[in-house]
Amino acid sequence: MPATTRPLLVDVHTHIYPPSYMDLMRRREQIPKVIKDTAGNEMVVLLKEEEGKGANSKGRPVGPQYWDRAEKIKFMDTHGIDVSVVSLANPWLDFLTPAEAVDAARQLNDDMQTYCETFKADHAAADSTSYSAQTGNRLFAFGSLPLVPGISTKQVLQALDQVKGHSYLRGIVMGTKGIGKGLDDPEMEPIYEAIAASGLVVFVHPHYGIENAFGEQDNGHALALGLGFPFETTIAIARLVLAGVLDRHPTLKLLLAHSAGALPALSSRLSSCIVHDPHVKDRLQHDFRYYLGQMYYDAVTYGPEELALTERVVARANNYESKDEQLAYVDRVNERRDLTAPEGVFPGTDRIMFGTDHPFFPPLEGQGDRWKSVDENLDAIAGVAGWGDAERARVMGANAVDLFGLEV
Ligand code: URA
Ligand code: ZN
């Protein structure tokens, strides 16, 4: 297909477990670990609720889609994805000792760089129909930092320097615990400062869920992933904002997994709770909702209405500080409803980016090559009422090119 007939599609939420990480999990007896089921298939067991008597889900299948680059490219080709920015999947290095985490981060950052860089060398000019034909770049990555309890700031900053020196690494992936106490831990301050100065994007992703998210019945992973994960992100980011991290580090680029979970839907309620609470009412420089316009979101919502909500909340944040601006904004939205209004009515689309969460959520059986989980997210982007070609192109790929500085 000629490169100009459709918008560039960039996947900013797509994971791998490099072989070195798989080996690490295969050697372990405690979660996270990789075990074999009775049929000899490898299963990854990540969460404490998956273990012990009465556990209602004992792991999930794990196979070459998690580590084989050819499988990633096949998946990308099947779904028309031009470029992926891959990240280590959860639970990253959270479970290691400081010394182990330092070594593992060093290895994984080298692995990630090689994963991206050697693709170009191996496939130069092979995909002449794709957007990336000119540069040969289809893979970029997030690096990892040794963010574990007991680590020194110096060790984290050394790893950050390594990431900065790896040309294909454009950000770092981070869980919600920081170095153990959460993203509002004052000990994270020098780390945030250094990351903000580096210009790297921080991809904040959940792993632990919330208490009781599995339920008493055998609910598989449905509640834990569908609700526990996004609520974990919601709380972690609310804590980070409320601690003033974005006031002190306004240039920090945070990309929030699963469109920040419930944060867009609950931001006005939270704002109200803050201003009615004497403990926190004067803590922030802006209304809580303002900060939603300072962060970035993947478009992994699975529905156009939820994606529209994220965009509206982000857009409102940009217009939040003056009543006149808000009213003018509502006028512009109403104008746009007749589809004759000029562009610029959906400014929140500047901060939202397509993602798949590959290789999680594969088709269950016999559903063909295309993944329903991917198509729902593509359909969501296509289906937001009022968005035109310009908005869709931004969300599908142009924003990611800008944010990560991708040479494609
Ligand atoms: N998506 C992820 O990234 N990790 C999981 O464990 C499940 C879904
Ligand atoms: Zn994910």
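The structure presented is a predicted model; accordingly, all values stated were derived computationally and were not measured. (Residues numbered from 1 in each chain as written. Chains lettered and ligands numbered in written order. Predicted model: local features only at pLDDT ≥ 70, side-chain atom pairs only at ≥ 80, totals over all residues. Heavy atoms only, no water.)

Colleague: Is there a simple way to think about empty space enclosed by the protein in this case?
Modeller: Left-over empty space is what a probe sized like a water molecule reveals as it rolls over the atoms. Per the counting criterion, the structure on display carries two cavities of 30 Å³ or more. What lines the largest cavity is simply Trp 92, Leu 93, Asp 94, Ser 144, Leu 145, Leu 147, Val 173, Met 174, Gly 175, Lys 177 and Gly 178. Grouping the amino acids of the lining of the largest cavity by side-chain chemistry returns six nonpolar, three polar and two charged. Around the second largest cavity, the lining residues are Glu 49, Tyr 208, Gly 209, Ile 210, Ala 213, Phe 214, Ala 224 and Phe 229. Across the lining of the second largest cavity, the residue classes break down as six nonpolar, one polar and one charged. (1 Å grid on protein atoms, 1.4 Å probe; cavity = no way out; pocket = protein on both sides within 12 Å on 5 of 7 lines; lining within 4 Å. Points joined across faces, edges and corners; volume = space filled by probe spheres on them. Nonpolar A, V, L, I, M, F, W, Y, C, P; charged D, E, K, R; others polar.)

Colleague: Teacher, can you tell me more about the coordination of the zinc ion (ligand 2) here?
Modeller: Geometrically, a metal with four donors at the corners of a regular tetrahedron has ideal angles of 109.5 degrees, and one with six donors at the corners of a regular octahedron has ideal angles of 90 or 180 degrees. The coordination sphere of the zinc ion (ligand 2) contains the protein donors His 13 (NE2), His 15 (NE2), His 205 (NE2) and Asp 357 (OD), at a distance range of 2.0 to 2.1 Å. The motif formed by the donor residues of the zinc ion (ligand 2), counted along the single chain, is H-x1-H-x189-H-x151-D. Here His 15 is found in strand β1 (residues 10-16), whereas its partner Asp 357 is found in the loop between β11 (352-353) and α11 (372-383), with 342 residues between them in sequence. With respect to class, His 15 is no different from Asp 357; both count as buried. (Donors = N, O, S within 2.8 Å, 3.2 Å for Na, K, Ca; no water. Helix = DSSP H or I, 4+ residues; strand = E, 2+ residues; numbered from the N terminus. Buried < 20%, exposed > 50% of the residue type's maximum accessible area, 1.4 Å probe, protein only.)

Colleague: Explain the packing of aromatic side chains to me, please; I cannot follow it from the model alone.
Modeller: Working definition: an aromatic ring pair is given by the centre-to-centre distance plus the angle between the planes. Applying the stated criterion across every chain yields a total of nine aromatic pairs. Residues Tyr 66 and Phe 360 carry aromatic rings whose centres are separated by 5.4 Å and whose planes lie at 85° to one another, so their mutual orientation is edge-to-face. Note that Tyr 66 is positioned in the loop between β4 (60-61) and α2 (69-78) and Phe 360 in the loop between β11 and α11, a separation of 294 residues in sequence. When sorted by exposure, Tyr 66 lands in the same class as Phe 360, which is buried. Considering the side-chain rings of Phe 142 and Phe 404, the 5.5 Å spacing of their centres and the 85° angle between planes classify their relative orientation as edge-to-face. (Phe/Tyr/Trp six-rings, centres within 6.5 Å; stacked < 30°, edge-to-face > 60°.)

Colleague: Help me understand the packing of helix α4 (residues 153-165) against helix α5 (residues 189-198) in this model?
Modeller: Helix-helix packing is described using two parameters, namely the angle between the two axes and the distance between the axes. Contact geometry of α4 with α5 gives a least axis separation of 10 Å together with a crossing angle of 15°. Considered as vectors, α4 and α5 are oriented roughly parallel to each other. As for how α4 packs across α5, the hand of that crossing is right-handed. Contacts from Thr 153, Val 156, Leu 157, Leu 160 and Lys 164 of α4 reach α5 at Pro 190, Ile 191, Ala 194, Ile 195 and Ser 198. Here the contact of α4 with α5 is built from residues that sort into seven nonpolar, two polar and one charged. (Axes fitted to C-alpha atoms, helices over the stretch in contact; angles between N-to-C directions. Parallel < 35°, antiparallel > 145°, perpendicular 65-115°, else oblique. Left-handed = near helix turned anticlockwise from the far one by under 90°. Contact = heavy atoms within 4.5 Å.)

Colleague: Would you explain unusual backbone geometry in this entry?
Modeller: Of all residues except glycine, most have a negative phi; of all peptide bonds, most are trans. A cis amide bond links Ile 31 with the next residue in sequence, Pro 32, at an omega value of -5°. Along the chain, Pro 32 falls in the loop between α1 (19-26) and β2 (33-36). The phi dihedral of His 258 falls on the positive side, at around 50°, and the residue is not glycine. Within the fold, His 258 resides in the loop between β9 (253-256) and α8 (263-275).

Colleague: Teacher, can you tell me more about the pairing of strand β6 (residues 139-143) here?
Modeller: Within a regular beta strand, the side chains point alternately toward one face of the sheet and then the other, so they alternate between its two faces. Counting buried positions along β6 yields five of five residues, so the element is predominantly enclosed. Of the two faces of β6, both are covered, the one formed by Leu 139, Ala 141 and Gly 143 as well as the one formed by Phe 140 and Phe 142. Examined bridge by bridge, strand β5 (residues 83-88) and β6 share three bridges and lie parallel to one another. Looking at the pairing, Val 86 lines up with Ala 141 of β6. As paired elements, β6 and strand β7 (residues 169-174) share three bridges and run parallel to each other. From the neighbouring strand, Gly 143 faces β7, where its bridge partner is Ile 172. Running through α4, the crossover from β6 to the neighbouring parallel element β7 is right-handed. (Pairing = 2+ DSSP bridges. Right-handed = clockwise from strand over helix to strand, strands pointing away.)

Colleague: Got a minute to help me understand the site of ligand 1 in this structure?
Modeller: Looking at ligand 1, the residues that line it are His 15, Leu 46, Arg 60, Asn 90, His 205, Leu 225, Phe 229, Asp 357, Phe 360 and Phe 361. Asn 90 is positioned with one of its side-chain polar atoms (N or O) 2.7 Å from a nitrogen atom of ligand 1. Between ligand 1 and Asp 357 there is a distance of 3.0 Å, counted from an oxygen atom to a side-chain nitrogen or oxygen. Out of a free accessible area of 240 Å², ligand 1 has 99% covered by protein chains. Classifying every residue of the shell around ligand 1 by side-chain character gives five nonpolar, three polar and two charged. (Near = heavy atom within 4 Å. Polar contact = N/O pair within 3.5 Å; in protein donor to acceptor, adjacent residues only side chain to side chain. Areas by Shrake-Rupley, 256 points an atom, 1.4 Å probe, with all protein chains shown as cover.)

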